[in-house]
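# Survey of secondary and tertiary structure
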Amino acid sequence: MTEDTWLASHPYLRSIAEFDAQIATAAASLPSGGARTPNWEDYIGDYQARIPLLRSSHVAIDFQPAEAILVSLVESLAAKPLPEKLAAECRVLDNQLREMNAARRAVAWLLDDEVFKPAHPGLTRYLGWTALARYLRPIVDAFSSWRDEERWFCGYCPTCGSPPAMAQLVAFEPGHLRLLSCGFCGTRWRYRRIGCPFCESAGDHRLSAVAIDGEKHLRIEFCESCRAYLKTYNGEGSESLFLADWTSLHLDVIARDRGLKRLANSLYEL
Ligand SMILES: [Zn+2]
Ligand SMILES: [Zn+2]
């Protein structure tokens with residue numbers, strides 16, 4: 001499935017697709033300054049204690065380059081012809097990030113380490129995670145190869161600690177494997193096939209599924225106990241499209257209409 005085919009059948013997603021593409025192009029033109037992989041031996045104890053990588057006090061990651069990427073990204077967007085509301089928010093954020101220590105505090109705020117009041121939290125979270133995910137990519141990749149998935153199995157991201165934005169069901173003999181996907185840093189990790197990752201209800205607590213008319217690959221799964229839902233991609237091969245979160249914003253609308261709760265922050269609540 002390509003993005004064009006998807007947009008042809010979901011034309012209401014076009015404006016968010018264009019916006020996302022604009023930001024991606026702006027981010028791709030900046031040097032990423034790829035983060036240095038930590039020494040895994042220092043982290044193994046915290047990993048076994050299920051402390052996410054970015055929250056471990058035994059791992060020192062230099063976030064300064066990510067702060068610089070964020071500042072450059074906002075600066076380049078503030079100078080671009082964008083829709084008026086967005087352009088105005090970018091200019092305000094651009095000014096705010098020029099204040100002393102503001103970029104450092106903004107990145108720490110994304111990681112839940114600091115109280116910071118961005119003028120436009122939705123936009124700041126979106127652009128901030130775009131910058132941070134780009135910078136952290138080498139670490140996220142190396143971490144995926146290093147970790148023993150069987151030792152995690154938690155309902156939050158092993159890299160940044162966020163709840164999952166989406167799930168994926170992959171055929172795996174003799175049944176299915178469930179992966180969770182972080183909407184912020186882009187990590188995908190394994191989770192139990194059944195059970196709710198939000199309230200970690202006992203393993204026998206199955207999620208119920210809502211099939212969506214006309215959607216072969218996507219469905220909504222939800223927990224009867226805590227009423228949280230998880231958009232789920234049932235398949236393989238089109239992860240970048242189906243796990244992008246924005247490509248299934250219509251499922252969020254359907255889930256909310258049914259009184260279900262989204263417990264993961266969305267980057268697309270702008
Ligand atoms: Zn994450
Ligand atoms: Zn639950």
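Residues numbered from 1 in each chain as written. Chains lettered and ligands numbered in written order. Predicted model: local features only at pLDDT ≥ 70, side-chain atom pairs only at ≥ 80, totals over all residues. Heavy atoms only, no water.

### Things to note about the pattern of salt bridges
- As enumerated under the stated definition, the model contains 17 salt bridges in all.
- Arg 137 serves as the salt-bridge partner of Asp 141, at 3.0 Å between the closest nitrogen and oxygen. Highlighted residues: Asp 141 and Arg 137, both in helix α7 (residues 121-146), separated by 4 residues, approximately one helical turn.
- With a relative accessible area of 35%, Arg 137 lands in the partly exposed category.
- Asp 245 is the partner of Arg 262 in a salt bridge, and the nearest nitrogen-oxygen pair spans 2.8 Å. Pair noted here: Arg 262 is in the segment after α9 (249-257) and Asp 245 is in the loop between α8 (239-242) and α9, with a separation of 17 residues, a long-range link.
- Among the residues examined, Arg 262 registers a relative accessible area of 14% and is labelled buried. (Salt bridge = Lys/Arg side-chain N within 4 Å of Asp/Glu carboxyl O. Helix = DSSP H or I, 4+ residues; strand = E, 2+ residues; numbered from the N terminus. Buried < 20%, exposed > 50% of the residue type's maximum accessible area, 1.4 Å probe, protein only.)

### Brief notes about the coordination of the zinc ion (ligand 2)
- Coordination of the zinc ion (ligand 2) by the protein is provided by Cys 196 (SG), Cys 199 (SG), Cys 223 (SG) and Cys 226 (SG), with metal-donor distances spanning 2.3 to 2.4 Å.
- In this structure, the zinc ion (ligand 2) is coordinated by 4 donor atoms arranged in tetrahedral fashion, with angles at the metal of 105 to 117°.
- The sequence pattern formed by the donor residues of the zinc ion (ligand 2) is C-x2-C-x23-C-x2-C. Highlighted residues: Cys 199 in the loop between β3 (188-191) and β4 (208-211) and Cys 223 in the loop between β5 (218-222) and β6 (229-234), separated in sequence by 24 residues.
- Judged by relative accessible area, which is 0%, Cys 223 ranks as buried. (Donors = N, O, S within 2.8 Å, 3.2 Å for Na, K, Ca; no water. Tetrahedral: all angles 85-135°; square planar, octahedral: opposite > 155°, others 65-115°.)

### A look at the environment of Leu 77
- Structurally, Leu 77 can be placed in helix α4 (residues 64-78).
- A relative accessible area of 0% places Leu 77 in the buried class.
- Sequence-wise, Leu 77 and Glu 173 are 96 residues apart; in three dimensions their C-alpha atoms are separated by 47 Å.
- Contacts of Leu 77, omitting those with residues within four sequence positions, involve Ile 23, Ala 26, Leu 82, Cys 90 and Leu 127. (Contact = heavy atoms within 4.5 Å.)

### Some details on the coordination of the zinc ion (ligand 1)
- Around the zinc ion (ligand 1), the protein contributes the donor atoms Cys 157 (SG), Cys 160 (SG), Cys 182 (SG) and Cys 185 (SG), at 2.3 to 2.4 Å from the metal centre.
- Each of the 4 donor atoms around the zinc ion (ligand 1) contributes to a set of angles spanning 99 to 122°, which defines the coordination as tetrahedral.
- Considered as a linear motif, the donors of the zinc ion (ligand 1) on their single chain read C-x2-C-x21-C-x2-C. As far as burial versus exposure is concerned, Cys 182 and Cys 185 are alike and both buried.

### Considering the environment of Glu 221
- Along the chain, Glu 221 falls in strand β5.
- Residue class for Glu 221 comes out buried when judged on its relative accessible area of 5%.
- Between the C-alpha atom of Glu 221 and that of Leu 132, which follows or precedes it by 89 residues, the distance is 29 Å.
- Beyond its immediate stretch of four places on either side in the chain, Glu 221 contacts Leu 169, Arg 178, Leu 207, Ser 208, Ala 209, Ala 228, Tyr 229, Leu 230 and Thr 232.
- Engagement of the side chain of Glu 221 in a polar contact is seen with the side chain of Arg 219, the distance being 2.8 Å. (Polar contact = N/O pair within 3.5 Å; in protein donor to acceptor, adjacent residues only side chain to side chain.)

### Topic: the domain arrangement of the chain
- For the chain, the domain assignment lists domain 1 (3-147) and domain 2 (150-257).
- Centre-to-centre, using C-alpha coordinates, domain 1 lies 22 Å away from domain 2.
- Opposite the 25 residues of domain 1 that make contact, domain 2 presents 23 residues.
- Roughly 2,100 Å² is buried in total at the junction of domain 1 and domain 2, and carbon and sulfur atoms are behind 66% of that figure.
- Looking only at domain 1, the three residues that lose the most surface to domain 2 are Trp 6, Arg 50 and Trp 129, adding up to 29% of its buried area.
- In this structure, the connection of domain 1 to domain 2 is made through 0 salt bridges.
- Linking domain 1 with domain 2 are 11 residue pairs in polar contact (both at pLDDT 80 or more).
- Broken down by secondary-structure element, the contributors of at least two residues to the side of domain 1 that touches domain 2 are α1 (3-9), α2 (14-28), α3 (40-48) and α7.
- Among the residues making up the side of domain 1 that touches domain 2, the classes are represented as 16 nonpolar, 2 polar and 7 charged. (Domains from an automatic or database assignment. Buried area = accessible area lost by both parts, 1.4 Å probe. Nonpolar A, V, L, I, M, F, W, Y, C, P; charged D, E, K, R; others polar.)

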